[in-house]
Amino acid sequence: RIVKINGARANLDIIESIIREQTSIYEAAVAQDEQNNVCVFIVLKQNTSILEYELKEYINMKYIGLPITPIFYIRDILPKTISGKINYIQLKESIKHNLIENSNDSQADIHTLKKIVEKILATSEIATSDNLFNLGLHSLNAVQLAGIIRKTFKKGIKIKQIFEKPTIKDIYDM
């Protein structure tokens, strides 16, 4: 399955195999929508999570020669054909008719932001209303957090804003 992305050829099967290398991914499928975006459908293993920005970096590190900015969709299951293979036609139809939830909805974004903060602070017990500075966030972490937020959510955030409103919920709402 060779497609053109930004004028260059890309093999979706190779991208798919790169994604499947991740230990938290149970199943993955890659398709291209009508606007030529690379759409990555992921089924996670039970009790696991993945950060989109880390997966994007991993894909671009392994798939040399073409920067890819995929749109991620987290699914419970992937549609299958009668023979048990992934039904790419049904995946493309679900994109076209907006029948799937994009992982960029607010709940998924807050969850992603929470995972980013937990990784920076090396902890796993953070509530969205906790003051991050009381949990150990400091100015260098705040700079790191702002950079990751810019990269992950394409959202400009200033360090000053993190100091003024230091909870996950407040940071997300900025």
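The structure this text deals with has already been given above.
Residues numbered from 1 in each chain as written. Predicted model: local features only at pLDDT ≥ 70, side-chain atom pairs only at ≥ 80, totals over all residues. Heavy atoms only, no water.

1. Regarding the packing of helix H1 (residues 12–20) against helix H2 (residues 52–62)
Which entries qualify depends on this criterion: Comment: axis = line fitted to C-alpha atoms, over the contacting stretch for helices; angle = value between 0 and 180 degrees taken between N-to-C directions. A run of H or I in DSSP becomes a helix once it reaches four residues, and a run of E becomes a strand once it reaches two; helices and strands are each numbered from the N terminus. Should an angle fall under 35 degrees it is taken as roughly parallel, and over 145 as roughly antiparallel, whereas 65 to 115 is taken as roughly perpendicular and any remaining angle as oblique. Crossing handedness follows the turn of the near helix against the far one: under a right angle anticlockwise gives a left-handed crossing, and clockwise gives a right-handed one. Should any heavy atoms of two residues lie within 4.5 Å, those residues are considered in contact. Residues are grouped as follows: Ala, Val, Leu, Ile, Met, Phe, Trp, Tyr, Cys and Pro are nonpolar; Asp, Glu, Lys and Arg are charged; every other residue, Gly included, is polar.
Two numbers describe how H1 lies on H2: the axes approach to 10 Å, and their chain directions differ by 125°. With respect to each other, H1 and H2 are oriented oblique. Pair H1 / H2 crosses with right-handed handedness. Only Leu 55, Tyr 58, Ile 59 and Lys 62 of H2 make contact with H1, whose side of the interface consists of Ile 15, Ile 18 and Ile 19. Each residue belonging to the contact of H1 with H2 can be placed in one class, and the counts come to six nonpolar, no polar and one charged.

2. Brief notes about the environment of Thr 69
Defined as follows: Buried residues are those whose accessible area, probed at 1.4 Å on protein chains only, stays under 20% of the maximum for their type, while exposed residues exceed 50% and partly exposed ones sit between those limits.
Within the element layout of this structure, Thr 69 appears in the loop between H2 and strand E5 (71–74). Given a relative accessible area of 55%, Thr 69 falls into the exposed group. Placed 29 residues apart in sequence, Thr 69 and Val 40 show a C-alpha to C-alpha distance of 10.0 Å.

3. Brief notes about the nonpolar core
Going by this rule: Here, nonpolar core means buried Ala, Val, Leu, Ile, Met, Phe, Trp, Tyr and Cys residues that are tied together by side-chain atoms lying within 4.5 Å of each other.
Of all hydrophobic cores here, the largest spans 21 residues; its most connected members are Leu 113, Val 117, Leu 132, Leu 145, Ile 162 and Ile 171. Elements with a minimum of two residues in this core: helix H4 (106–121), helix H5 (139–153) and helix H7 (168–173). It is H4 that provides the largest number of residues to this core, a total of six residues. Every residue in contact with Leu 145, bar those within four places of it in the chain, is listed here: Leu 113, Ile 116, Val 117, Ile 120, Leu 132, Ile 162 and Ile 171. If you look at the next biggest cluster of nonpolar residues, it comprises 20 residues, including Ile 18, Ile 42, Ile 59 and Tyr 63.

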